[in-house]
Number of protein chains: 2
Amino acid sequence: MSGSKSTAELYTGYQSKMQKIADVRNAMAVLGWDQETYLPAKGADFRGQQLTTLSTIAHELFTEKELGDLLSQLRQHPELDAVQQKNISLSLEDYEKNKKYPAEFVAKMSQTTNECYHAWIKARKANDFRIFEPVLARMVDLKKQETDILGYEGHPYNALLNEYEKGATTTMLDTIFRDVKQALSPLLAQIEQQPPVNKDFLHLHYDRNKQWALGIDLLKQMGYDLEAGRQDISEHPFTTSFNPQDVRVTTRIDENDFGNMTWSCIHEGGHALYEQGLPAEQYGLPCGEATSLGIHESQSRLWENNVGRSLNFWQYHYPQLQQRFPENLSNVSLQDFYHAINLVKPSLIRTEADELTYHFHIMIRYEIEKGLMEGTIQTKDLREVWNHYYQQYLHVTVPDDVQGVLQDIHWSHGSFGYFPTYSLGSFYAAQFFTAAQQQVPGLDAAIIAGNYHPLLEWLRTSIHPFGRFYTSNELCKKVTGKELEFSAFLQYAKQKFMVA
Amino acid sequence: MSGSKSTAELYTGYQSKMQKIADVRNAMAVLGWDQETYLPAKGADFRGQQLTTLSTIAHELFTEKELGDLLSQLRQHPELDAVQQKNISLSLEDYEKNKKYPAEFVAKMSQTTNECYHAWIKARKANDFRIFEPVLARMVDLKKQETDILGYEGHPYNALLNEYEKGATTTMLDTIFRDVKQALSPLLAQIEQQPPVNKDFLHLHYDRNKQWALGIDLLKQMGYDLEAGRQDISEHPFTTSFNPQDVRVTTRIDENDFGNMTWSCIHEGGHALYEQGLPAEQYGLPCGEATSLGIHESQSRLWENNVGRSLNFWQYHYPQLQQRFPENLSNVSLQDFYHAINLVKPSLIRTEADELTYHFHIMIRYEIEKGLMEGTIQTKDLREVWNHYYQQYLHVTVPDDVQGVLQDIHWSHGSFGYFPTYSLGSFYAAQFFTAAQQQVPGLDAAIIAGNYHPLLEWLRTSIHPFGRFYTSNELCKKVTGKELEFSAFLQYAKQKFMVA
C-alpha cells in the first residue's frame, strides 16, 4: 500500500493538520474569552498556565517537519485550484516565518512580555513612566532583533508592520501621515472656529438594562447572527471568533455615558459581521482568516463611523432612541444629537478621541515606533518625546504619564507596528464605503430607512468571503479600483464636519 | 552535560508532563462548560470538532513513550516520599491502562458513542426504544470487548466498575443491593402506611430571581468560594473543575418547583467544595484528583441529604425562607415543610426519586448492566426487563419508553458501571456523616445554628486533601474505622423516615 499520494489526498492531509492547529488556537480563544468575561478572580494563574500550554502545543504543531514537507510537496501541484494554491503558499510563508524564530528568542520574548506587562501595570499605578522604561528598553531591543530575524526591505520597522498588515511599509505610511498632517491640521483649525456644541445630555443617567437592550437591537439590525454569536460584558469591549459559526462580542456599559456602549456595540458588531462572513469551509486555512488587521478595522469603523455616526443612520434610530430615553432626549433635536456625537476636539486619550483627531494619536505612535526601531528615539526620552508631540500636533499639554505615554497596553505586549492599522482601518473604511455608495443603488436611502441588508450584502460579496486570498492592497484595488488613498477619508471628513 | 538525572529532576519532568496533559484536559473542561452554558446554537459542530482535537492531543501526550519511560524509571526511586510514590504508581497504572486500548477500538468507540447518542435523542423524540436498540446492541458489544481489553478478576462487569470506582466488584455490590432489597423494602412498606403528606406549596410560583439569590446564599453559607468559582444556568445542573481555584457549578430554575433548584444547588455545592478542597499543589497528578466517583457523590449527597434535607438545617433556614417567599410559605409550618421535602414515594424517574426509593432505581440499572455484560440480558429485551423490574421493585407501571428505559443518557455515552456510584455515594455519605457527628463535638448544634464551618473543616481534613492517595475503601476505613457498610445508611433512613 505504499506509493505516492494523490494531490487530493495530500491536500486533505494538509487541511486536517491546519484544522487541528486551528482547533487548538480556537480553544485558546475560548479560554481567553472566558478570562475576560467570567473567570473567577483566583482562577487567573492556572488559566495563564493552561493558555501557555496550548500555545506551546499550537506552536509545536505548526513547526512540525511533516507539515513543512507536505507544504513543499503541495507547492509543486499545479492541479490545485487558485484558492488551494493560495492556501498552500500562505501557509508555507507562515510556516517558514515561524521556523525563523530561534527557541531562545521565543522564550526570551515570552519572559520579557510578561515582565513588561507587569511593569506597565505597576508604572500606571504609580503614574510613573520610569518604572516601565527599563523593561520597555529590553523589549525594544528584542523587537529590533526580531526585525533582523524576520528580515525586511527598506526600513526595519517594515518587518513589524508586516506582521499585522502584509505589504505595509514606512514609505506608504509616511505618505499617508503626511497627508494627515497637511490636510487634517487646517481642517481642525476651521472646525475649532465653529460654534460650541452641547453634549451634556449624553452624560445624563442611561439605565443599564435599557442600554443593553439597545445594543442587542442594534447588533440584530446590523445583521449580526445571534445564533452564531453572543454578547457579554467585559472591562474592554472586544470581538473573538472560534469559527464563523461562533463569533462573540463583548461590551461595557457606563450609565453616565451614552456613547460608551452604543458605538462600541456597533464597532464590535462590524468586526463580528466580518468574522461571521468568512468562509466556514476554509476553517483553519489562510483563506478562512481575516485579510489583515487594517481590513478588520475597516469593517468595524465603517459600521461605527461611516454608518453609525451618520445623520442618515440616526434619522431612523433617533426617534426610537428618544422613546427609549425620553427623560434625557425628548428635548434634544436630531441635529443637536448628531452634532454632539460628532464633536471634534483635540484630547489626551486615543481611545476617547473623535474621528479626526484620532489619527494624530496614531501618527504620534507611528513616529515613535519608527524612531525606536531605527534608533533615533530612545526609550529613556519617551515621556518627553510623547509630551512634545502631543503639544505639537494636538496642542494639548500632557499632565501625567497615565494620560500620556502609559495610556496604551500595546507596547507592554510587544505589539509594535499594530497602531497604524487603526488609521488604515479608517481610511480603508472611507474608501470602501464610498465604493459601496457608488456600487449599490439606493444604499443611502436604505440606511435612512434602517435597512442594512444592501450594505451587508455588498460587504458579504466584496470584502468578507476572500479571507487572505487577497492582501489588503489587492482587495482595495479589486473593490475600489484604486490603491488605498487618503483622499476618500478626507472627502468624507470634509463633507461631514464642514457642512455643519 | 550528559549523565543521569537526579530523582528530583526526573520527578519534576514527570510533573510537568502531567500538568501539560491536565492543562489540555482542563481546556476541554472549559469548552465543555461553555457548551452547556453559553454556546450559541450554530457553534455546536465546530465545538465538537475542537473537543475531539484536544481529546486526541491529550491521549497522544498520555501515551508518549517518554512518559512511560520516565514513570518506569521513577518507580525505582525509593527516595521519593509517599505521595510522590503514589503519584508515580497511579500514573503508571493509568498509563498502562491507556496503552491497552488498540487505536481501532478507540476510533470505533468514539464513532459508536456518537451514533448511540444521536439514536438515543431520536428514540426519545419518537418515544420508541426500538430506534435506540440496534446501536445500543453494538455499544454493549464494544463494552464487552472493553472488559477483555482491560482485563478483570471475577465478573467481567468488574472491569467497567473499576473505571469509576477503583476496587468495586459485583461481589461487593451484590451484598449491598441485597441489603437494599431486604432492608428498604419493608421500610418502604411501613412508610406507605403513614398519613398522606401535602407538598402542593412546593409547586406554587417561586420567583426566578429570588430563587437565584437563595441558591447563591446557600452556596456561600456552605463555604463555597465564589472567588474560586461561579454559578451559571444550564439545562442539567453540573459541577466542573479546571483546577481547585476555578470550580464552577450550574443550576436550573423552575418557577413552579421550589425543590428543583434548591437541592441541586446544595448538591453541586457539595461536589464543588470537594474540588475546591483538593490540593492545588498536586495539580495534574493523581493525588490532586478526586478519589472516585462514589466519593465525589458522597460529598454532594452528604450536603444535599444528610445536611440539606435535615430538620436541623431547616430549623435555621426555614424562617428566612418564609421571609423570602411569604406568599407561599407563611402558613406552612416547619414540620409540614420538612415532611414535604422528604416525601417518600415510588416513582418512575430516577432523577426525581426520593432518598430511599432512589436506590431501587440504581439497583435495577445495576442488575441490567451486569446481565448485559454476562450475556443473560439482551438489549432487544431491555424494554420488557426494565418495565418488569420497575413493577417488581417499585410497584409502578411504566407507561412509555421516555419514562422508562430511555430516561437516562448514560448508556448512550457508553457509561456502563457508572450508576452504582450514585448509590455508593449515598451510603458513603451516611457513613461519613455519622463519623463526623461522632468526631466533631457540637456538629449538630452548629448546623442548627446555620454554621457549617465545623463540618467543612472536618471534610477538609478527613476527605478532601487526599485525592487518589487512598482508594474509596481505604479512605472509608481511615475515616470511619470500617469498610463501607449499608448499616449506616439504614440507620440514618430509619431514624429520619420512621420518627415522623
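Residues numbered from 1 in each chain as written. Chains lettered and ligands numbered in written order. Predicted model: local features only at pLDDT ≥ 70, side-chain atom pairs only at ≥ 80, totals over all residues. Heavy atoms only, no water.

1. Considerations on the pairing of strand β3 (residues 246-251) of chain A
Residue and element names in this part refer to chain A.
Phase 1: With respect to burial, β3 is a largely interior element, 6 of its 6 residues being buried.
Phase 2: Pairing analysis gives 3 bridges linking strand β1 (residues 231-233) to β3, with the strands arranged parallel. Opposite Asp 232, over in β3, you have Thr 250 as the bridge partner.
Phase 3: Relative to β3, strand β2 (residues 239-243) is paired through 4 bridges, and the arrangement is antiparallel. (Buried < 20%, exposed > 50% of the residue type's maximum accessible area, 1.4 Å probe, protein only. Helix = DSSP H or I, 4+ residues; strand = E, 2+ residues; numbered from the N terminus. Pairing = 2+ DSSP bridges.)

2. Concerning the sheet that holds strand β2 (residues 239-243) of chain B
Remark on secondary structure: sheet strands pair via backbone hydrogen bonds, oriented parallel or antiparallel.
Residues and elements named next belong to chain B.
Phase 1: Pairing is mixed in the open sheet, where 3 strands are placed in the order β1-β3-β2. Every other strand in the sheet has two partners, leaving β1 (231-233) and β2 as the edge strands with one partner each. Strand-to-strand twist of the sheet, defined as the mean angle between neighbouring strand axes without regard to direction, takes the value 25°.
Phase 2: The sheet strands contacting helix α10 (residues 258-277) are β1, β2 and β3 (246-251), and the helix crosses β3 at an angle near 170°. (Axes fitted to C-alpha atoms, helices over the stretch in contact; angles between N-to-C directions. Contact = heavy atoms within 4.5 Å.)

3. Thoughts on the interface of chain B and chain A
Phase 1: At the interface, 38 residues of chain B touch 38 residues of chain A.
Phase 2: Here chain B and chain A share an interface that buries about 3100 Å² over both sides, 59% of which is from carbon and sulfur atoms.
Phase 3: When residues of chain B are sorted by the area they lose upon contact with chain A, B:Lys42, B:Phe46 and B:Gln50 head the list and together hold 19% of the total.
Phase 4: Between chain B and chain A we count 8 salt bridges in total.
Phase 5: Among the salt bridges present, the one from B:Asp34 reaches A:Arg248, with a minimum N-O distance of 2.7 Å.
Phase 6: Residue assignment for the side of chain B that touches chain A shows that the elements contributing at least two residues are α1 (7-37), α2 (44-62), β2 and β3 of chain B.
Phase 7: Among the elements that take part in the side of chain B that touches chain A, α1(B) stands out by supplying 10 residues, more than any other. (Buried area = accessible area lost by both parts, 1.4 Å probe. Salt bridge = Lys/Arg side-chain N within 4 Å of Asp/Glu carboxyl O.)

4. Some thoughts on the packing of aromatic side chains
The relative placement of two aromatic rings is captured by the distance of their centres and the angle of their planes.
Phase 1: Following the criterion strictly, the structure yields 77 aromatic pairs over all chains and no others.
Phase 2: Ring centres of A:Phe258 and A:Trp263 lie 5.9 Å apart, and the angle between their planes is 90°; on these two criteria the pair is classed as edge-to-face.
Phase 3: Assessed through its relative accessible area of 0%, A:Phe258 is described here as buried.
Phase 4: The exposure class of A:Trp263 is buried, given its relative accessible area of 5%.
Phase 5: On the numbers, 5.8 Å between centres and 25° between planes, the contact of B:Tyr101 with B:Phe105 is stacked. (Phe/Tyr/Trp six-rings, centres within 6.5 Å; stacked < 30°, edge-to-face > 60°.)

5. With respect to the relation of the copies chain B and chain A
Phase 1: By a simple turn and slide, chain B fits onto chain A: the slide is 0.1 Å along the axis, the RMSD is 0.1 Å, and the turn is 180°. When the rotation and shift are considered jointly, the pair of chain copies conforms to a two-fold rotation axis. No C-alpha of chain B approaches the rotation axis more nearly than that of B:Ala27, which lies at 3.5 Å.
Phase 2: Mapped onto chain A, 100% of the interface residues of chain B again fall at the interface, so both copies present the same surface. (Least-squares fit on C-alpha atoms with pLDDT ≥ 70 in both.)

6. Brief notes about the environment of B:Gln194
All names here are of chain B.
Phase 1: When you line up the elements, Gln 194 lands in the loop between α8 (170-192) and α9 (208-222).
Phase 2: The partly exposed category is assigned to Gln 194, whose relative accessible area is 26%.
Phase 3: Along the primary structure Gln 194 and Met 498 are separated by 304 residues, whereas in three dimensions their C-alpha atoms are 9.1 Å apart.
Phase 4: For Gln 194, the side chain forms a polar contact with the main-chain oxygen of Phe 497, separated by 3.1 Å. (Polar contact = N/O pair within 3.5 Å; in protein donor to acceptor, adjacent residues only side chain to side chain.)

7. As for the environment of A:Phe313
Residue and element names in this part refer to chain A.
Phase 1: Looking at the element boundaries, Phe 313 is found in helix α12 (residues 311-324).
Phase 2: For Phe 313, a relative accessible area of 3% puts it in the buried group.
Phase 3: Taking the C-alpha atoms as reference points, Phe 313 and Ile 447, separated by 134 residues in sequence, lie 5.9 Å from one another.
Phase 4: Phe 313 has contacts with Leu 218, Ile 266, Val 307, Gly 308, Ile 447 and Tyr 452, leaving out every residue within four places of it along the chain.

8. What about the side chain of A:Ser292?
Residues and elements named next belong to chain A.
Phase 1: Note on placement: Ser 292 falls in the loop between α10 (258-277) and α11 (293-307).
Phase 2: Looking at Ser 292, its side chain comes within polar contact range of the main-chain nitrogen of Gly 294, at 3.3 Å.
Phase 3: Polar contacts involving the side chain of Ser 292 include one to the main-chain amide nitrogen of Ile 295, which spans 3.1 Å.
Phase 4: For Ser 292, the contacting residues outside a window of four places in its chain are Tyr 164, Glu 165 and Ser 472.

9. Details of the UniProt feature "binding site: Zn(2+)" (unreviewed entry) in chain A
Residue and element names in this part refer to chain A.
Phase 1: Per the UniProt record, "binding site: Zn(2+)" (unreviewed entry) is found at His 267, His 271 and Glu 297. A maximum C-alpha distance of 8.8 Å places the annotated residues, which cover 31 residues in sequence, within one compact spot.
Phase 2: As for its placement among the helices and strands, His 267 is situated in helix α10.
Phase 3: His 267 sits in the buried class, given a relative accessible area of 12%.
Phase 4: Setting aside anything within four residues of it in sequence, one finds His 267 in contact with Glu 297, Ser 300, Arg 301 and Glu 304.
Phase 5: Along the chain, the position of Glu 297 falls in helix α11.
Phase 6: By relative accessible area, Glu 297 is classed as buried at 7%.
Phase 7: Among residues more than four places away in sequence, those in contact with Glu 297 are His 267, His 271, Thr 421, Tyr 422 and Gly 425. (UniProt positions renumbered as here; feature names shortened; annotations may be inferred.)

10. Regarding the nonpolar core
Residue and element names in this part refer to chain A.
Phase 1: Ranked by size, the top nonpolar core spans 126 residues in total, and within it Phe 258, Trp 303, Phe 337, Leu 356, Ile 368 and Phe 432 carry the most contacts.
Phase 2: Sort the elements by how many residues they give to this core and helix α17 (residues 420-439) lands first, with 10 residues.
Phase 3: Aside from chain neighbours lying at most four places away, what touches Phe 432 is Ile 295, Ser 298, Gln 299, Leu 302, Trp 458, Ile 463, Leu 475, Cys 476, Val 479 and Thr 480. (Core = buried A, V, L, I, M, F, W, Y, C linked by side-chain atoms within 4.5 Å.)

11. Comments concerning the packing of helix α9 (residues 208-222) of chain A against α12(A)
Residue and element names in this part refer to chain A.
Phase 1: Contact geometry for α9 and α12: axes closest at 12 Å, N-to-C directions at 155°. The angle between α9 and α12 falls in the class roughly antiparallel. Crossing of α9 over α12 shows right-handed handedness. From α9, Lys 210, Ala 213, Leu 214, Asp 217, Leu 218 and Gln 221 reach across to α12, where they touch Phe 313, Tyr 316, His 317, Leu 321 and Arg 324.
Phase 2: Of the residues assigned to the contact of α9 with α12, the class counts are 6 nonpolar, 2 polar and 3 charged. (Parallel < 35°, antiparallel > 145°, perpendicular 65-115°, else oblique. Left-handed = near helix turned anticlockwise from the far one by under 90°. Nonpolar A, V, L, I, M, F, W, Y, C, P; charged D, E, K, R; others polar.)

12. Structural notes on helix α14 (residues 334-341) of chain A
All names here are of chain A.
Phase 1: For α14, every residue scored as buried is listed here: Phe 337, Tyr 338, Ala 340 and Ile 341. Angularly, the buried residues of α14 cover 165° about the axis, an arc narrow enough to put them on a single face.
Phase 2: Considering only its buried residues, α14 is in contact with α10, α12 and α21 (486-498). (Arc of directions from axis to C-beta.)

13. Remarks on the sheet that holds β2(A)
Residue and element names in this part refer to chain A.
Phase 1: A sheet is described by the order of its strands in space; here 3 strands give the open sequence β1-β3-β2, paired in mixed fashion. At either margin of the open sheet sits one strand with a lone partner, and together these are β1 and β2. Strand after strand, the sheet turns through a mean of 25° between neighbouring axes, direction not considered.

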